[in-house]
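Chain residues, written in single-letter form:
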Amino acid sequence: MRTRTRTRTAAGVVAAVTAVLTLPAVPASASPPAASAPSATTAATATTASDFNGDGYADLAVGVPEGAVDGRARAGYVSVLWGGAQGVGAHGGTRISQATAEVPGVPEAGDRFGSAVALVDTSGDGVAELLVGAAGEDVGSFTDAGSVTAVAGARGGTRPGSVVATGPAASAAYGLSVASADLTGDGGRDIVVGGRGKVVARTADGVFVTVVTDHMGDRAPVLATGDFDDDGTADLAVGYWSTAPHIRSHVRLYAWDPAEQALLNFWNTDNAGVSALASGDFDGDGSDDLALGECREIADENIDDPCGPEEFSGGGGIHLHYGSAGTGWFGSRRQTLGQDTAGVAGVAEDGDRFGAALAVADVNADGRDDLLAGAPGEAIGTRAGAGASTLLFGGPAGLVDAWGGGRSVALHQGTPDVPGAAETGDAFGAAVATGDHDGDGRADLAVGAPGENAGSGGVWLLPRAGAAGSAAVTPGRIGLPSPSSALSYGRYVHSR
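Here the structure is a predicted model, which is why all the values come from computation and not from measurement. Throughout this description, residue numbers start from 1 for each chain and increase along the sequence as written. With the structure being a predicted model, the display of local features is reserved for residues of pLDDT at least 70 and the display and counting of side-chain atom pairs for 80 or more, all residues being used for whole-chain, interface and lining totals. Only heavy atoms go into the side-chain values, all of them from the structure, while hydrogens and water stay out.

### Comments concerning the sheet that holds strand β27 (residues 444–448)
Inference 1: Taken in spatial order, the four strands line up as β26-β27-β28-β29 in an open sheet, and their pairing is antiparallel. Across the chains shown, the open sheet's two edge strands, defined by having one partner strand only, are β26 (431–435) and β29 (471–473). Taking the axes of each pair of neighbouring strands and ignoring which way they run, one obtains an average angle of 20 degrees across the sheet.
Inference 2: In this analysis, strands are considered paired if DSSP registers two or more bridges between them. In this text, helices come from DSSP runs of H or I with a minimum length of four residues, and strands from runs of E with a minimum of two, each type numbered from the N-terminal end. Where β27 lies against strand β28 (residues 459–462), four bridges are found, and the strand directions are antiparallel. Following the sheet pairing, Ala446 is matched in β28 by Leu461. In this analysis, axes come from line fits to C-alpha atoms, helices being fitted only over the stretch in contact, and the angle between any two N-to-C directions falls in the range 0 to 180 degrees.

Shown next as C-alpha coordinates:
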(Lines give C-alpha, C1' and ligand atoms only; values in the text may rest on other atoms or scores of the structure.)
Protein backbone atom coordinates (compact mmCIF):
# COMPACT_ATOMS: atom_id res chain seq x y z
CA MET A 1 0.00 0.00 0.00
CA ARG A 2 1.43 3.36 -1.02
CA THR A 3 2.16 5.82 1.73
CA ARG A 4 1.48 9.43 0.90
CA THR A 5 3.09 12.37 2.62
CA ARG A 6 -0.02 14.50 2.10
CA THR A 7 -2.53 14.32 4.95
CA ARG A 8 -6.10 13.46 4.13
CA THR A 9 -9.17 11.86 5.61
CA ALA A 10 -11.17 9.14 3.93
CA ALA A 11 -14.39 9.94 5.54
CA GLY A 12 -17.93 8.69 5.42
CA VAL A 13 -18.65 7.91 9.09
CA VAL A 14 -15.00 9.25 9.53
CA ALA A 15 -11.43 8.40 8.89
CA ALA A 16 -8.61 10.34 10.46
CA VAL A 17 -5.15 11.55 9.64
CA THR A 18 -2.25 12.37 11.95
CA ALA A 19 -2.97 15.01 14.55
CA VAL A 20 -1.48 16.51 17.68
CA LEU A 21 -3.64 16.77 20.78
CA THR A 22 -2.75 17.74 24.32
CA LEU A 23 -3.42 14.72 26.50
CA PRO A 24 -2.65 13.96 30.13
CA ALA A 25 0.92 12.88 30.77
CA VAL A 26 1.61 9.16 30.47
CA PRO A 27 2.10 7.63 33.91
CA ALA A 28 5.40 5.97 34.64
CA SER A 29 3.69 2.60 34.89
CA ALA A 30 1.65 2.10 31.73
CA SER A 31 -1.11 -0.47 31.61
CA PRO A 32 0.25 -4.02 31.44
CA PRO A 33 -0.18 -5.94 28.21
CA ALA A 34 -3.59 -7.55 27.83
CA ALA A 35 -3.67 -11.27 27.30
CA SER A 36 -4.97 -10.83 23.78
CA ALA A 37 -2.31 -8.33 22.67
CA PRO A 38 0.28 -9.53 20.12
CA SER A 39 3.76 -10.05 21.46
CA ALA A 40 6.59 -7.64 20.64
CA THR A 41 8.45 -10.33 18.71
CA THR A 42 5.72 -10.44 16.07
CA ALA A 43 5.47 -6.70 15.57
CA ALA A 44 5.90 -5.21 12.11
CA THR A 45 8.82 -2.84 11.66
CA ALA A 46 6.75 0.05 10.28
CA THR A 47 4.34 2.07 12.35
CA THR A 48 0.91 3.17 11.20
CA ALA A 49 -1.43 6.01 12.07
CA SER A 50 -4.04 3.61 13.48
CA ASP A 51 -1.80 1.45 15.68
CA PHE A 52 -3.55 1.78 19.05
CA ASN A 53 -1.57 -0.85 20.99
CA GLY A 54 1.90 0.12 19.74
CA ASP A 55 2.87 -3.17 18.12
CA GLY A 56 3.49 -1.76 14.64
CA TYR A 57 0.27 -3.03 13.06
CA ALA A 58 -2.81 -1.06 12.07
CA ASP A 59 -5.81 -1.76 14.28
CA LEU A 60 -9.53 -1.43 13.53
CA ALA A 61 -12.05 0.53 15.61
CA VAL A 62 -15.73 -0.43 15.60
CA GLY A 63 -18.15 1.94 17.31
CA VAL A 64 -21.07 0.24 19.08
CA PRO A 65 -23.24 3.10 20.38
CA GLU A 66 -26.23 0.77 20.70
CA GLY A 67 -24.41 -1.46 23.19
CA ALA A 68 -25.30 -1.63 26.87
CA VAL A 69 -22.64 -1.00 29.53
CA ASP A 70 -23.19 -2.11 33.13
CA GLY A 71 -26.88 -2.57 32.38
CA ARG A 72 -27.30 0.93 30.92
CA ALA A 73 -28.99 0.67 27.53
CA ARG A 74 -27.27 2.41 24.63
CA ALA A 75 -24.48 3.74 26.84
CA GLY A 76 -22.20 2.57 24.06
CA TYR A 77 -18.64 1.35 23.65
CA VAL A 78 -15.89 0.88 21.08
CA SER A 79 -14.53 -2.51 20.05
CA VAL A 80 -10.88 -2.23 18.97
CA LEU A 81 -9.58 -5.23 17.02
CA TRP A 82 -5.82 -5.72 17.03
CA GLY A 83 -3.92 -6.06 13.77
CA GLY A 84 -1.06 -8.56 13.54
CA ALA A 85 0.81 -10.92 11.28
CA GLN A 86 -2.41 -12.84 10.60
CA GLY A 87 -4.45 -9.66 10.19
CA VAL A 88 -7.35 -8.22 12.14
CA GLY A 89 -9.58 -10.77 13.81
CA ALA A 90 -6.82 -13.25 14.65
CA HIS A 91 -5.13 -11.38 17.52
CA GLY A 92 -7.95 -10.39 19.85
CA GLY A 93 -8.82 -6.88 20.88
CA THR A 94 -10.27 -4.76 23.62
CA ARG A 95 -13.53 -3.04 24.55
CA ILE A 96 -13.43 0.62 25.61
CA SER A 97 -16.30 2.49 27.27
CA GLN A 98 -16.82 5.16 29.87
CA ALA A 99 -16.52 2.35 32.40
CA THR A 100 -12.87 1.89 31.34
CA ALA A 101 -10.63 3.31 34.08
CA GLU A 102 -8.66 5.63 31.81
CA VAL A 103 -11.77 7.07 30.11
CA PRO A 104 -13.37 10.15 31.69
CA GLY A 105 -17.04 10.12 32.54
CA VAL A 106 -19.43 7.35 33.49
CA PRO A 107 -21.65 5.22 31.26
CA GLU A 108 -25.24 6.41 31.24
CA ALA A 109 -28.26 5.22 29.32
CA GLY A 110 -28.45 6.88 25.92
CA ASP A 111 -24.90 8.34 25.87
CA ARG A 112 -24.21 6.49 22.58
CA PHE A 113 -20.45 6.44 23.18
CA GLY A 114 -19.08 5.25 19.82
CA SER A 115 -21.41 7.28 17.59
CA ALA A 116 -18.25 8.32 15.71
CA VAL A 117 -14.78 6.76 15.90
CA ALA A 118 -11.32 7.51 14.54
CA LEU A 119 -7.93 5.99 15.29
CA VAL A 120 -5.44 8.86 15.06
CA ASP A 121 -1.75 9.20 15.95
CA THR A 122 -2.28 12.56 17.63
CA SER A 123 1.16 12.82 19.28
CA GLY A 124 3.32 11.57 16.42
CA ASP A 125 4.86 8.86 18.61
CA GLY A 126 3.64 5.98 16.44
CA VAL A 127 0.85 5.00 18.85
CA ALA A 128 -2.67 6.07 17.93
CA GLU A 129 -5.24 7.70 20.11
CA LEU A 130 -8.91 6.83 19.81
CA LEU A 131 -11.30 9.71 19.15
CA VAL A 132 -14.82 8.77 20.22
CA GLY A 133 -18.06 10.67 19.80
CA ALA A 134 -20.87 10.29 22.34
CA ALA A 135 -23.70 12.19 20.71
CA GLY A 136 -26.17 11.45 23.54
CA GLU A 137 -23.94 12.54 26.41
CA ASP A 138 -25.58 14.89 28.90
CA VAL A 139 -23.38 17.84 29.88
CA GLY A 140 -24.47 19.49 33.10
CA SER A 141 -28.13 20.36 32.65
CA PHE A 142 -27.88 20.06 28.85
CA THR A 143 -29.52 16.84 27.70
CA ASP A 144 -27.90 15.21 24.65
CA ALA A 145 -25.30 17.97 24.37
CA GLY A 146 -22.78 15.38 23.22
CA SER A 147 -19.04 15.07 23.60
CA VAL A 148 -15.83 13.85 21.97
CA THR A 149 -13.21 12.01 24.01
CA ALA A 150 -9.61 11.18 23.13
CA VAL A 151 -8.36 7.90 24.64
CA ALA A 152 -4.61 7.44 24.51
CA GLY A 153 -3.30 4.13 23.23
CA ALA A 154 -0.52 2.05 24.78
CA ARG A 155 1.03 -1.38 24.37
CA GLY A 156 -1.62 -3.84 25.44
CA GLY A 157 -4.03 -1.30 26.86
CA THR A 158 -4.91 2.36 27.24
CA ARG A 159 -3.45 5.48 28.81
CA PRO A 160 -5.46 8.27 30.41
CA GLY A 161 -7.75 10.14 28.04
CA SER A 162 -9.46 13.50 28.06
CA VAL A 163 -12.66 15.10 26.85
CA VAL A 164 -11.74 17.40 23.95
CA ALA A 165 -15.15 18.88 23.11
CA THR A 166 -18.61 19.13 24.70
CA GLY A 167 -21.81 20.44 23.24
CA PRO A 168 -22.77 23.96 24.35
CA ALA A 169 -26.53 23.38 24.55
CA ALA A 170 -29.20 20.72 24.85
CA SER A 171 -29.54 18.52 21.76
CA ALA A 172 -26.29 19.88 20.27
CA ALA A 173 -25.25 16.21 19.79
CA TYR A 174 -21.52 16.87 19.49
CA GLY A 175 -19.86 13.65 18.37
CA LEU A 176 -22.17 12.68 15.53
CA SER A 177 -19.01 12.86 13.40
CA VAL A 178 -15.32 13.57 13.96
CA ALA A 179 -12.21 14.10 11.82
CA SER A 180 -8.65 15.29 12.39
CA ALA A 181 -5.85 16.97 10.42
CA ASP A 182 -3.36 19.83 10.60
CA LEU A 183 -5.73 22.39 9.15
CA THR A 184 -3.89 25.49 10.37
CA GLY A 185 -0.49 24.52 8.95
CA ASP A 186 1.31 25.17 12.23
CA GLY A 187 2.56 21.62 12.70
CA GLY A 188 -0.09 20.99 15.31
CA ARG A 189 -3.16 18.91 14.62
CA ASP A 190 -6.75 19.98 14.89
CA ILE A 191 -9.97 18.10 15.63
CA VAL A 192 -13.22 18.68 13.76
CA VAL A 193 -16.49 17.84 15.51
CA GLY A 194 -19.86 17.46 13.85
CA GLY A 195 -23.05 17.98 15.82
CA ARG A 196 -26.71 18.61 15.12
CA GLY A 197 -26.73 21.61 12.79
CA LYS A 198 -23.16 22.63 13.53
CA VAL A 199 -19.52 21.84 12.75
CA VAL A 200 -16.69 23.20 14.90
CA ALA A 201 -12.91 22.83 14.86
CA ARG A 202 -10.71 22.60 17.93
CA THR A 203 -7.24 23.84 17.04
CA ALA A 204 -4.10 22.30 18.48
CA ASP A 205 -3.85 25.10 21.06
CA GLY A 206 -7.40 24.44 22.28
CA VAL A 207 -9.25 27.28 20.54
CA PHE A 208 -12.71 26.46 19.16
CA VAL A 209 -13.66 27.82 15.74
CA THR A 210 -17.15 27.53 14.28
CA VAL A 211 -16.98 26.20 10.72
CA VAL A 212 -20.63 26.12 9.69
CA THR A 213 -24.04 26.44 11.34
CA ASP A 214 -27.04 25.41 9.25
CA HIS A 215 -30.02 23.07 9.06
CA MET A 216 -28.76 19.51 8.61
CA GLY A 217 -31.95 17.54 9.08
CA ASP A 218 -30.70 15.91 12.31
CA ARG A 219 -28.16 14.04 10.18
CA ALA A 220 -24.50 13.74 11.05
CA PRO A 221 -22.53 16.20 8.92
CA VAL A 222 -20.17 14.32 6.61
CA LEU A 223 -16.49 15.24 7.07
CA ALA A 224 -13.31 14.63 5.09
CA THR A 225 -9.90 16.28 4.80
CA GLY A 226 -7.42 16.65 1.96
CA ASP A 227 -5.21 19.25 0.34
CA PHE A 228 -7.75 20.38 -2.22
CA ASP A 229 -6.14 23.74 -3.04
CA ASP A 230 -2.70 22.13 -3.41
CA ASP A 231 -0.93 24.46 -0.98
CA GLY A 232 0.58 21.76 1.23
CA THR A 233 -1.90 22.23 4.10
CA ALA A 234 -4.95 20.09 4.73
CA ASP A 235 -8.39 21.53 4.03
CA LEU A 236 -11.78 20.47 5.35
CA ALA A 237 -14.70 19.12 3.31
CA VAL A 238 -18.19 19.25 4.84
CA GLY A 239 -21.34 17.75 3.33
CA TYR A 240 -24.89 18.10 4.68
CA TRP A 241 -28.49 18.35 3.55
CA SER A 242 -31.95 18.99 4.89
CA THR A 243 -35.38 19.53 3.36
CA ALA A 244 -37.11 21.11 6.38
CA PRO A 245 -37.87 23.76 7.32
CA HIS A 246 -35.97 24.89 4.23
CA ILE A 247 -33.87 23.06 1.66
CA ARG A 248 -30.18 23.11 2.58
CA SER A 249 -27.83 20.95 0.55
CA HIS A 250 -24.14 21.64 0.22
CA VAL A 251 -20.68 20.18 -0.13
CA ARG A 252 -18.23 22.87 0.91
CA LEU A 253 -14.46 23.15 1.25
CA TYR A 254 -12.78 25.24 3.93
CA ALA A 255 -9.18 26.45 4.23
CA TRP A 256 -7.46 28.15 7.13
CA ASP A 257 -7.01 31.90 6.84
CA PRO A 258 -4.21 33.06 9.20
CA ALA A 259 -5.35 36.68 9.15
CA GLU A 260 -8.94 35.83 10.08
CA GLN A 261 -7.91 32.93 12.35
CA ALA A 262 -10.79 31.00 10.84
CA LEU A 263 -11.65 28.28 8.37
CA LEU A 264 -13.09 30.08 5.36
CA ASN A 265 -15.24 28.60 2.62
CA PHE A 266 -13.45 28.63 -0.75
CA TRP A 267 -15.41 26.14 -2.90
CA ASN A 268 -18.99 24.84 -3.05
CA THR A 269 -21.26 22.54 -4.93
CA ASP A 270 -24.80 23.40 -3.93
CA ASN A 271 -28.06 21.48 -4.27
CA ALA A 272 -26.16 18.23 -3.66
CA GLY A 273 -26.76 15.86 -0.76
CA VAL A 274 -24.19 13.19 0.06
CA SER A 275 -23.89 10.23 2.42
CA ALA A 276 -20.10 10.00 2.27
CA LEU A 277 -17.02 11.96 1.24
CA ALA A 278 -13.51 10.67 0.55
CA SER A 279 -10.31 12.28 -0.69
CA GLY A 280 -7.64 10.57 -2.73
CA ASP A 281 -5.39 11.04 -5.73
CA PHE A 282 -7.35 8.87 -8.16
CA ASP A 283 -5.49 9.99 -11.30
CA GLY A 284 -1.99 10.03 -9.79
CA ASP A 285 -1.20 13.65 -10.62
CA GLY A 286 -0.11 14.48 -7.07
CA SER A 287 -3.20 16.53 -6.24
CA ASP A 288 -6.08 15.47 -4.00
CA ASP A 289 -9.49 14.74 -5.53
CA LEU A 290 -12.87 14.52 -3.79
CA ALA A 291 -15.45 11.74 -4.15
CA LEU A 292 -19.09 12.48 -3.30
CA GLY A 293 -20.78 9.24 -2.29
CA GLU A 294 -24.47 8.50 -2.89
CA CYS A 295 -24.76 11.97 -4.36
CA ARG A 296 -28.32 13.13 -4.96
CA GLU A 297 -29.73 16.37 -6.36
CA ILE A 298 -31.96 17.59 -3.56
CA ALA A 299 -34.19 20.22 -5.17
CA ASP A 300 -34.10 18.89 -8.75
CA GLU A 301 -33.64 22.41 -10.04
CA ASN A 302 -30.96 21.44 -12.58
CA ILE A 303 -28.90 24.39 -11.45
CA ASP A 304 -25.53 22.91 -12.22
CA ASP A 305 -26.11 19.13 -12.26
CA PRO A 306 -24.31 18.90 -8.89
CA CYS A 307 -24.20 15.10 -9.00
CA GLY A 308 -23.52 14.70 -12.70
CA PRO A 309 -25.74 13.34 -15.48
CA GLU A 310 -29.03 11.92 -14.24
CA GLU A 311 -28.52 8.69 -16.17
CA PHE A 312 -25.81 7.75 -13.66
CA SER A 313 -27.87 8.51 -10.55
CA GLY A 314 -30.06 5.40 -10.42
CA GLY A 315 -29.50 3.44 -7.22
CA GLY A 316 -26.98 5.98 -6.01
CA GLY A 317 -23.88 7.31 -7.72
CA ILE A 318 -20.42 8.71 -7.07
CA HIS A 319 -19.56 12.17 -8.35
CA LEU A 320 -15.90 13.17 -8.52
CA HIS A 321 -14.20 16.55 -8.48
CA TYR A 322 -10.51 16.50 -9.41
CA GLY A 323 -7.68 18.66 -8.18
CA SER A 324 -5.29 20.29 -10.59
CA ALA A 325 -1.68 19.86 -9.54
CA GLY A 326 0.35 23.05 -9.29
CA THR A 327 -2.51 25.40 -10.19
CA GLY A 328 -4.46 25.76 -6.94
CA TRP A 329 -7.69 25.31 -8.89
CA PHE A 330 -10.05 22.59 -7.73
CA GLY A 331 -13.10 20.82 -9.06
CA SER A 332 -13.38 22.01 -12.65
CA ARG A 333 -12.73 18.50 -13.99
CA ARG A 334 -15.57 16.17 -13.00
CA GLN A 335 -16.62 12.57 -13.47
CA THR A 336 -19.68 10.56 -12.46
CA LEU A 337 -20.08 6.81 -12.19
CA GLY A 338 -22.67 4.33 -10.99
CA GLN A 339 -23.53 0.69 -11.41
CA ASP A 340 -24.68 1.34 -14.98
CA THR A 341 -21.24 2.68 -15.91
CA ALA A 342 -19.38 0.27 -18.20
CA GLY A 343 -16.91 -1.79 -16.19
CA VAL A 344 -18.62 -1.15 -12.84
CA ALA A 345 -20.04 -4.32 -11.32
CA GLY A 346 -23.76 -4.66 -10.74
CA VAL A 347 -26.89 -3.03 -12.09
CA ALA A 348 -28.27 0.25 -10.80
CA GLU A 349 -31.57 -0.28 -8.99
CA ASP A 350 -33.63 1.95 -6.76
CA GLY A 351 -32.52 1.68 -3.16
CA ASP A 352 -29.04 0.23 -3.81
CA ARG A 353 -27.42 3.21 -2.06
CA PHE A 354 -24.25 2.85 -4.13
CA GLY A 355 -21.57 5.04 -2.54
CA ALA A 356 -23.23 5.30 0.89
CA ALA A 357 -19.82 4.56 2.45
CA LEU A 358 -16.38 5.28 0.98
CA ALA A 359 -12.76 4.47 1.82
CA VAL A 360 -9.50 5.06 -0.06
CA ALA A 361 -6.25 3.12 -0.57
CA ASP A 362 -3.85 2.36 -3.41
CA VAL A 363 -4.58 -1.37 -3.32
CA ASN A 364 -2.59 -2.32 -6.44
CA ALA A 365 0.41 -0.05 -5.74
CA ASP A 366 0.26 1.68 -9.13
CA GLY A 367 0.64 5.19 -7.70
CA ARG A 368 -3.07 5.98 -8.03
CA ASP A 369 -5.60 5.70 -5.24
CA ASP A 370 -8.53 3.30 -5.51
CA LEU A 371 -11.98 3.74 -3.96
CA LEU A 372 -13.98 1.20 -1.94
CA ALA A 373 -17.70 1.97 -2.20
CA GLY A 374 -20.43 0.41 -0.10
CA ALA A 375 -23.96 -0.24 -1.40
CA PRO A 376 -25.84 -1.47 1.69
CA GLY A 377 -29.19 -1.52 -0.11
CA GLU A 378 -27.99 -3.77 -2.93
CA ALA A 379 -30.17 -6.83 -3.55
CA ILE A 380 -28.31 -10.12 -3.95
CA GLY A 381 -30.64 -12.32 -5.94
CA THR A 382 -34.03 -11.97 -4.29
CA ARG A 383 -32.58 -10.86 -0.95
CA ALA A 384 -33.33 -7.15 -0.71
CA GLY A 385 -30.85 -5.01 1.20
CA ALA A 386 -28.29 -7.78 1.54
CA GLY A 387 -25.66 -5.26 0.48
CA ALA A 388 -22.40 -5.26 -1.45
CA SER A 389 -19.14 -3.35 -1.75
CA THR A 390 -17.30 -2.44 -4.94
CA LEU A 391 -13.60 -1.73 -5.34
CA LEU A 392 -13.09 0.92 -8.04
CA PHE A 393 -9.60 1.28 -9.51
CA GLY A 394 -7.89 4.56 -10.27
CA GLY A 395 -6.18 5.18 -13.58
CA PRO A 396 -4.50 7.91 -15.66
CA ALA A 397 -7.83 9.69 -16.12
CA GLY A 398 -9.14 8.83 -12.65
CA LEU A 399 -11.88 6.36 -11.72
CA VAL A 400 -13.46 6.73 -15.17
CA ASP A 401 -11.22 6.15 -18.18
CA ALA A 402 -11.03 8.16 -21.41
CA TRP A 403 -13.76 5.96 -22.96
CA GLY A 404 -16.23 6.51 -20.11
CA GLY A 405 -15.69 3.15 -18.40
CA GLY A 406 -14.39 2.00 -15.06
CA ARG A 407 -12.61 -1.02 -13.61
CA SER A 408 -14.01 -2.73 -10.54
CA VAL A 409 -14.37 -5.82 -8.39
CA ALA A 410 -17.57 -6.55 -6.47
CA LEU A 411 -17.53 -8.26 -3.08
CA HIS A 412 -20.43 -9.49 -0.97
CA GLN A 413 -21.53 -12.46 1.08
CA GLY A 414 -21.87 -15.20 -1.49
CA THR A 415 -18.79 -14.12 -3.44
CA PRO A 416 -16.46 -17.16 -3.58
CA ASP A 417 -14.25 -17.28 -0.46
CA VAL A 418 -16.27 -14.61 1.36
CA PRO A 419 -17.85 -16.26 4.44
CA GLY A 420 -21.55 -16.14 5.20
CA ALA A 421 -24.66 -16.01 3.09
CA ALA A 422 -26.30 -12.88 1.74
CA GLU A 423 -29.57 -12.35 3.62
CA THR A 424 -32.29 -9.76 3.44
CA GLY A 425 -31.37 -6.67 5.41
CA ASP A 426 -27.73 -7.54 6.16
CA ALA A 427 -26.66 -4.10 4.83
CA PHE A 428 -23.19 -5.36 3.87
CA GLY A 429 -21.28 -2.20 2.88
CA ALA A 430 -22.96 0.19 5.32
CA ALA A 431 -19.45 1.14 6.48
CA VAL A 432 -16.03 0.52 4.93
CA ALA A 433 -12.40 1.09 5.95
CA THR A 434 -8.90 0.36 4.70
CA GLY A 435 -5.59 -0.33 6.46
CA ASP A 436 -2.53 -2.58 6.33
CA HIS A 437 -3.53 -4.77 9.26
CA ASP A 438 -1.02 -7.59 8.68
CA GLY A 439 2.03 -5.43 7.90
CA ASP A 440 2.69 -6.86 4.44
CA GLY A 441 2.66 -3.46 2.75
CA ARG A 442 -0.67 -4.05 1.01
CA ALA A 443 -4.07 -2.60 1.81
CA ASP A 444 -6.65 -4.73 3.58
CA LEU A 445 -10.36 -3.95 3.54
CA ALA A 446 -12.99 -3.97 6.27
CA VAL A 447 -16.70 -3.98 5.43
CA GLY A 448 -19.46 -3.58 8.00
CA ALA A 449 -22.79 -5.41 7.84
CA PRO A 450 -24.80 -4.04 10.79
CA GLY A 451 -27.96 -5.93 9.81
CA GLU A 452 -26.29 -9.36 10.00
CA ASN A 453 -27.89 -11.86 12.38
CA ALA A 454 -31.07 -9.89 12.95
CA GLY A 455 -29.21 -6.67 13.66
CA SER A 456 -26.44 -8.04 15.85
CA GLY A 457 -24.06 -7.14 13.02
CA GLY A 458 -20.57 -8.06 11.89
CA VAL A 459 -17.44 -6.84 10.13
CA TRP A 460 -15.92 -8.66 7.15
CA LEU A 461 -12.14 -8.55 6.81
CA LEU A 462 -10.68 -8.90 3.32
CA PRO A 463 -6.86 -9.20 3.34
CA ARG A 464 -4.95 -7.72 0.42
CA ALA A 465 -8.22 -6.24 -0.85
CA GLY A 466 -9.55 -9.58 -2.00
CA ALA A 467 -11.81 -12.44 -1.01
CA ALA A 468 -9.05 -15.03 -0.47
CA GLY A 469 -8.48 -15.58 3.24
CA SER A 470 -11.36 -13.33 4.25
CA ALA A 471 -13.06 -13.72 7.62
CA ALA A 472 -16.00 -12.32 9.56
CA VAL A 473 -15.94 -10.89 13.07
CA THR A 474 -19.29 -10.94 14.88
CA PRO A 475 -20.18 -9.96 18.47
CA GLY A 476 -20.60 -13.60 19.46
CA ARG A 477 -17.23 -14.60 18.05
CA ILE A 478 -15.32 -12.04 20.11
CA GLY A 479 -17.35 -12.43 23.29
CA LEU A 480 -19.18 -9.12 23.41
CA PRO A 481 -22.03 -8.91 25.93
CA SER A 482 -25.56 -9.63 24.64
CA PRO A 483 -24.25 -10.70 21.23
CA SER A 484 -27.69 -11.57 19.88
CA SER A 485 -29.19 -8.16 20.62
CA ALA A 486 -29.43 -5.35 18.05
CA LEU A 487 -25.90 -4.04 18.45
CA SER A 488 -25.59 -3.01 14.77
CA TYR A 489 -21.92 -4.02 15.00
CA GLY A 490 -20.19 -2.73 11.88
CA ARG A 491 -22.18 0.46 11.34
CA TYR A 492 -19.21 2.62 12.40
CA VAL A 493 -15.69 1.45 11.50
CA HIS A 494 -12.34 3.12 11.09
CA SER A 495 -8.74 2.27 10.31
CA ARG A 496 -5.98 3.78 8.25
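### Brief notes about the pattern of salt bridges
Inference 1: For salt bridges, the criterion is a side-chain nitrogen of Lys or Arg within 4 Å of an Asp or Glu carboxyl oxygen. The final tally for this structure, using the stated rule, is 11 salt bridges.
Inference 2: For Asp283, the salt bridge is made with Arg333, and the minimal N-O distance between the two is 2.8 Å. Of this pair, Asp283 sits in the loop between β17 (276–280) and β18 (289–293) while Arg333 sits in strand β21 (residues 330–337), placing them 50 residues apart in sequence.
Inference 3: For Glu294, the salt bridge is made with Arg353, and the minimal N-O distance between the two is 3.0 Å. Highlighted residues: Glu294 in the loop between β18 and β19 (296–297) and Arg353 in the loop between β21 and β22 (357–361), separated in sequence by 59 residues.
Inference 4: The buried category is assigned to Glu294, whose relative accessible area is 9%.
Inference 5: Salt bridges linked by common partners bring Glu66, Arg74 and Arg112 together as one network. Remark: exposure states derive from per-residue accessible area (1.4 Å probe, protein chains only) relative to the maximum for the residue type, with buried under 20%, exposed over 50%, and partly exposed in between.

### Some points on the side chain of Asp444
Inference 1: If you trace the backbone, Asp444 turns up in strand β27.
Inference 2: Two residue types count as positive, namely Lys and Arg, and two as negative, namely Asp and Glu; His and chain ends fall outside the count. Buried charge without a salt bridge: Asp444, with Arg464 as the nearest opposite-charge side chain at an N-O distance of 5.3 Å.
Inference 3: We define a polar contact as two N or O atoms separated by no more than 3.5 Å, with the added condition that, inside protein, one atom must be a possible hydrogen donor and the other a possible acceptor, whereas residues neighbouring each other in sequence contribute only through side-chain atom pairs. Among the polar contacts listed, one links the side chain of Asp444 to the backbone nitrogen of His437, at a separation of 2.7 Å.
Inference 4: Among the polar contacts listed, one links the side chain of Asp444 to the backbone nitrogen of Arg464, at a separation of 2.7 Å.
Inference 5: When near neighbours in sequence (up to four residues on either side) are disregarded, Asp444 contacts Ala433, Thr434, Gly435, Asp436, His437, Asp438, Leu462, Pro463, Arg464 and Ala465. We call two residues in contact whenever any of their non-hydrogen atoms come within 4.5 Å of each other.

### A short note on the packing of aromatic side chains
Inference 1: Any pair of Phe, Tyr and Trp rings, taking the six-membered ring for Trp, is counted once the centres come within 6.5 Å. Such a pair is stacked with planes under 30 degrees apart, edge-to-face with planes over 60 apart, and tilted for the rest. Per the counting criterion, the structure on display carries four aromatic pairs.
Inference 2: Seen in terms of ring centroids, Phe52 and Trp82 are 6.4 Å apart; in terms of plane orientation they differ by 20 degrees. Their pairing is stacked. Highlighted residues: Phe52 in the segment before β1 (60–64) and Trp82 in the loop between β2 (77–81) and β3 (93–96), separated in sequence by 30 residues.
Inference 3: Among the residues examined, Trp82 registers a relative accessible area of 0% and is labelled buried.
Inference 4: Put simply, the rings of Phe228, Trp267 and Phe330 touch in pairs and so form one group of aromatic residues.
Inference 5: When the NZ atom of lysine or the CZ atom of arginine is within 6 Å of a ring's centre and also within 35 degrees of its normal, the charge is said to sit over that ring. Stacked on the ring of Trp241, the Lys or Arg Arg219 has its end atom at 3.5 Å from the ring centre.
Inference 6: If you follow Arg333 out to its NZ or CZ, it ends over the ring of Tyr322, 4.0 Å from the centre.

### A word on the state of the cysteines
Inference 1: By convention in this document, the label disulfide applies to cysteine sulfur atom pairs within 2.5 Å. For the structure shown, the criterion picks out one disulfide.
Inference 2: Disulfide pairing is shown between Cys295 and Cys307; the S-S distance is 2.0 Å. Of note, the bridge from Cys295 to Cys307 carries an S-S torsion of about -65 degrees and is left-handed in sense. In this pair, Cys295 is assigned in the loop between β18 and β19 and Cys307 in the loop between β19 and β20 (318–323), connecting sequence segments 12 residues apart. Exposure class is identical for Cys295 and Cys307. Each is buried.

Functional significance is not addressed by these values, which are geometric in nature.
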